[in-house]
4 protein chains.
Amino acid sequence: MNNKTKQKLYEIIYEADTKAGKAFDIVLLILILLSVLVVIVESVSSIRTDFSIELKILEWVITLLFTLEYFVRIWIIRKPIKYIVSFYGIVDLLAIIPTFLALFIAGTQSLIIIRAIRLLRVFRILKITRYTKEGKILLQALIASRVKISVFLFSVLTIILIIGTVMYMVEGEPNGFDNIPKSIYWAVVTLTTVGYGDITPQTPLGQLISGFVMVLGYAIIAVPTGIVSVEISNEVRRAKRERVCPKCQFADHDEDANFCKKCGNEI
Amino acid sequence: MNNKTKQKLYEIIYEADTKAGKAFDIVLLILILLSVLVVIVESVSSIRTDFSIELKILEWVITLLFTLEYFVRIWIIRKPIKYIVSFYGIVDLLAIIPTFLALFIAGTQSLIIIRAIRLLRVFRILKITRYTKEGKILLQALIASRVKISVFLFSVLTIILIIGTVMYMVEGEPNGFDNIPKSIYWAVVTLTTVGYGDITPQTPLGQLISGFVMVLGYAIIAVPTGIVSVEISNEVRRAKRERVCPKCQFADHDEDANFCKKCGNEI
Amino acid sequence: MNNKTKQKLYEIIYEADTKAGKAFDIVLLILILLSVLVVIVESVSSIRTDFSIELKILEWVITLLFTLEYFVRIWIIRKPIKYIVSFYGIVDLLAIIPTFLALFIAGTQSLIIIRAIRLLRVFRILKITRYTKEGKILLQALIASRVKISVFLFSVLTIILIIGTVMYMVEGEPNGFDNIPKSIYWAVVTLTTVGYGDITPQTPLGQLISGFVMVLGYAIIAVPTGIVSVEISNEVRRAKRERVCPKCQFADHDEDANFCKKCGNEI
Amino acid sequence: MNNKTKQKLYEIIYEADTKAGKAFDIVLLILILLSVLVVIVESVSSIRTDFSIELKILEWVITLLFTLEYFVRIWIIRKPIKYIVSFYGIVDLLAIIPTFLALFIAGTQSLIIIRAIRLLRVFRILKITRYTKEGKILLQALIASRVKISVFLFSVLTIILIIGTVMYMVEGEPNGFDNIPKSIYWAVVTLTTVGYGDITPQTPLGQLISGFVMVLGYAIIAVPTGIVSVEISNEVRRAKRERVCPKCQFADHDEDANFCKKCGNEI
């Protein structure tokens, strides 16, 4: 094959502007979701025994297609090494090797988790769609708030540790608070308002302390929300500010606007 | 009946400006709520056996009134086909057919869900009340944030899938994590802080991972809240901006203001 | 007693500016909390039998003091009828009558709830403290968002009704979803992320639907938070705006500022 | 040792600007986390019996290092009394005495909680890191919203008390609502959406009331979130305002900016 075919394939596989490129992305997306679905349904024992052969065939078809895609990707890109060691390159590789490894290793069970990594391939599709801009704003907001969130999480973990220790002292072994790690597990379950109910305070004092822990958990959830709200607000404003009309400098455009609503100039 | 009667009926049924129109809306609202109530209480076996005849009569009275209303609506409107195929037209039809179908089909049980659709009729009333403006702001905010929310939900679903698979590996069948779908169900229950407690981690490692999942769930709830807060804030500002005083251009009016508080001009 | 004594008593009981007035408020607050505590501990059977006489004495002492206060309030105020029929007047009356009624009626048990109304008396104290301003901002924000919150709650209730009916169809009687009301109870428990676990879906389809309900509940909690955030933000800004410097019109003062930070003028 | 050594030690222990100071902080951080870990794992009975001697040795090594550090801190500081009675001085002392006390007192178990106080030492490290600024913003926001949060929490506690009493009347002793304190515990568990499920309403009326409590809890969580969001937003703006360019007065700088983006002047 000559360079032109290579160029064409590059456009189809790595870009999404052409019709063929978009079709490729959709087919790939379906294949990825299908491959994840195979992993999921195979874990259900009744399905595993009833559709053993069908699942195995599907597994191999998908794996071979992924393998083909992987090598084509390496072949047509200018810097193959850079792709291979990139995040997506490694994910693409991890998506195919478990099936081959299963030929040599008996317990495929232990490869299930690596096969689940295939799901990460879905991000490949999203990377090149219109969702990126919005996702970028969210990501930027989370990155901007990472230090505040860390401080918050560290404080929460300290509180959880102290509560866990106190409750271990108050309730003790007979009531399910066997040791501090288990007590901490209870504290996490309670403070995050999950509340399984597998371990619950039995003594009046323990129930009183639990009450305060719950109200505390209910109140401090406000903190990360406040942090992220402010940062998303900042990011949205920043994203808007980048869309300033070059003619009249008006900046408060709607997200879907293509022309300045003040002077009609194209933005 | 002549055209004048038709016009009068149109005003009563389709509009809410006249006294009769408002009375009609209230009667309709009560009938709708009553019809939903009949469906609900009929599902309670003790009530179903004790008040069998009363419920049947009530059911038929409401259905016949709805049927009458449905045909009157078709009759008085200028474009009947447009109404019949509209959302409300279909809902109005679905509100009456189950009772008639029950005459021919034995198991009325299976029609219960269609009968519950009647509740959607309530929106008909709301459509023409003052709640619409506020509802519109909320709806606009949700629409404006739909892409960000989608990106968020997709990320959450990916996280849930990975957590579910990991926990299936860690806990396994003896502890209730029978297969990946069930494990994913547990992950949803935990990450959303619902925490039924029907499936709980038993191993120390499982409890450790659960703890991280809970804290994660506790933290990422901040993201949709932040998104919606920002969008509601934008929508409220936009709604206010539409109420600019035509004389002095002042824009920050209270929601219940009828006159500009700066120059006294009517807004 | 002459008018001067009456005036003095009025200042002590109805106002909080004088030293005696503040002391009265604190004594009253302690009495109110004590009276509520008596109601609470009396419900614990072991305490009720062991401290029967002590509780009865305490109950009567508090009631007689409240009775005395009630009649003094009526005596010293200019418009007694207005006080008697006011919210606080009724609460003050309800705080004393259960104890007297218990003399004539055997089952004091049924009066416990009316005795709990005493707690509402606590608001009397708060009414005249510095907390009022902040409470007012919160209340104003909630009032300003009442229509939006109503629309939201109505939508949530509709969703809950539909989910409840669907789950009754899917799970049915053998799995605890006995009837639609119980199914709706489950839907509320799940959508609000409370998650008792007393009723849980058993079928795979039920668990799948539950998963969507949970994610939905997780996402829509963002809506009221967004609404209230925006309104609190508006109220805080409005409260600040009322503190404009009369000399230089500067408005962005800190909450504890007494002088304009731009021109030094008293605000 | 002369004054120069003392000065050097002061820089290492109390400051973090030098290389040695940073190294000291990291070693101290590891020691603190290790000491907390010892307390935690010692509570697990299987580990306590298997690694009894190892844990005891580790415990004593850490305690002696902490003791050494404590006395060096006293020795090198100019005002030792001020350090000893300071928050960190007391925490440092509490971190070492339990181990020594265990020599004389039989049940070390009861000292576990004091030993857990060691964790508070971690804040010493954080005090001098770059996290302080962000933590300060969060703390300032929480301080600024303390009155609003108090008003909110007081209202919530009143609601909880009333709900608890009502449910005690409705459900009563046979259904687990033994007395008002336990009923209040249930109300806290439900309103905060924790939902253990150890006590659940059994009567239809109780389930109906619970439903309203849950929706209420779901809605009012919006209030603290709104409060904190607004305050964080204010604090972030205030923190930014302090970074005004001295040359051109431009104020909206990015957090990591060192130069004014308008005029290039150093901020």
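Keep in mind that what you see is a predicted model, and the values were worked out from it rather than measured.

Chemist: Could you clarify how one ought to interpret the packing of helix α4 (residues 52-76) of chain C against helix α7 (residues 97-104) of chain C in this entry?
Modeler: Residues and elements named next belong to chain C. Across the interface, α4 lies against α7 with an axial gap of 9 Å and an inter-helix angle of 125°. On the basis of their axis angle, the class for α4 and α7 is oblique. Of the residues in α7, those touching α4 at Glu59, Trp60, Thr63, Leu64 and Thr67 are Thr99, Phe100 and Leu103. For the contact of α4 with α7, the residue count by class is four nonpolar, three polar and one charged.

Chemist: Just checking my understanding: could you explain the side chain of C:Ser35 for this structure?
Modeler: Residue position: C:Ser35 is located in helix α2 (residues 19-42). Overall, C:Ser35 belongs to the buried group, its relative accessible area being 0%.

Chemist: In this structure, what is going on with the interface of chain B and chain A? I would like to understand it.
Modeler: When the parts come together, some accessible area is lost, and that loss is often what is quoted as the size of the interface. If you look at the interface, chain B gives 47 residues, while chain A gives 51 residues. Note on chain B versus chain A: buried area summed over both sides is about 4000 Å², and carbon and sulfur give 73% of it. For the interface between chain B and chain A, the tally reads zero salt bridges. At the junction of chain B with chain A, the criterion picks out five residue pairs in polar contact (both at pLDDT 80 or more). Going through the elements one at a time, α11 (146-170), α12 (180-191), α13 (204-220) and α14 (222-241) of chain B are the ones with two or more residues in the side of chain B that touches chain A. Looking at the side of chain B that touches chain A, the element that brings in the most residues is α11(B), giving 13 residues. Here the residues of the side of chain B that touches chain A sort into 26 nonpolar, 16 polar and five charged.

Chemist: Whenever I open this one, the confidence of the model for chain A confuses me. Can you help?
Modeler: Low pLDDT means the predicted coordinates in that region are not meant to be read closely. Residues and elements named next belong to chain A. Model confidence for chain A is summarised by a mean pLDDT of 81, while 81% of its residues fall at 70 or above. Taken element by element, chain A is modelled with least confidence in helix α9 (residues 122-127), mean pLDDT 62, and with most confidence in helix α12 (residues 180-191), mean pLDDT 92. What the predictor reports for the complex is a pTM of 0.83 with an ipTM of 0.80.

Chemist: Before we go on, may I ask you to explain helix α13 (residues 204-220) of chain A in this structure?
Modeler: Because the α-helix completes a turn every 3.6 residues, residues three or four places apart line up on one side. Residues and elements named next belong to chain A. In this model α13 runs 24 Å from its N-terminal to its C-terminal C-alpha over 17 residues, within 8% of the 24 Å that 1.5 Å per residue would give. Most of α13 is tucked away, with 12 of its 17 residues classed as buried. For α13, every residue scored as buried is listed here: Gly206, Gln207, Ile209, Ser210, Gly211, Val213, Met214, Val215, Gly217, Tyr218, Ala219 and Ile220.

Chemist: Help me understand the relation of the copies chain C and chain D in this model?
Modeler: For the pair of chain copies, the relating transformation is a rotation about an axis with a translation along it. At an RMSD of 0.1 Å, chain C and chain D line up after a rotation of 90° and a shift of 0.0 Å along the axis. Taken together, the rotation and translation describe the operation of a four-fold axis. When the interface residues of chain C are mapped onto chain D, a mere 16% of them again lie at the interface, so each copy presents a different face.

Chemist: Sorry if this is basic, but what is going on with the relation of the copies chain B and chain A here?
Modeler: Superposition of chain B onto chain A requires a rotation of 90° combined with a translation of 0.0 Å along the rotation axis, giving an RMSD of 0.1 Å. Residue by residue, only 17% of the interface of chain B is reproduced at the interface of chain A, so the copies engage with different surfaces.

Chemist: How do you make sense of the packing of helix α2 (residues 19-42) of chain D against helix α4 (residues 52-76) of chain D when you look at a structure like this?
Modeler: Axis angle and axis distance: for two packed helices, these are the angle between their axes and the distance between the axes, and together they describe the pair. All names here are of chain D. Look at α2 against α4: their axes get within 10 Å of each other, and the N-to-C directions meet at 140°. Classed by the angle they form, the pair α2 and α4 counts as oblique. Crossing hand, α2 versus α4: left-handed. Taking contact as the criterion, the partners of Phe24, Leu28, Leu31, Ile32, Leu34, Ser35, Val38, Val41 and Glu42 in α2 are, on α4, Leu55, Leu58, Glu59, Ile62, Leu65, Phe66, Glu69 and Arg73.

Cut-offs applied
Residues numbered from 1 in each chain as written. Chains lettered and ligands numbered in written order. Predicted model: local features only at pLDDT ≥ 70, side-chain atom pairs only at ≥ 80, totals over all residues. Heavy atoms only, no water. Axes fitted to C-alpha atoms, helices over the stretch in contact; angles between N-to-C directions. Helix = DSSP H or I, 4+ residues; strand = E, 2+ residues; numbered from the N terminus. Parallel < 35°, antiparallel > 145°, perpendicular 65-115°, else oblique. Contact = heavy atoms within 4.5 Å. Nonpolar A, V, L, I, M, F, W, Y, C, P; charged D, E, K, R; others polar. Buried < 20%, exposed > 50% of the residue type's maximum accessible area, 1.4 Å probe, protein only. Buried area = accessible area lost by both parts, 1.4 Å probe. Salt bridge = Lys/Arg side-chain N within 4 Å of Asp/Glu carboxyl O. Polar contact = N/O pair within 3.5 Å; in protein donor to acceptor, adjacent residues only side chain to side chain. pLDDT = per-residue confidence, 0-100. Expected span 1.5 Å × (residues − 1). Least-squares fit on C-alpha atoms with pLDDT ≥ 70 in both. Left-handed = near helix turned anticlockwise from the far one by under 90°.

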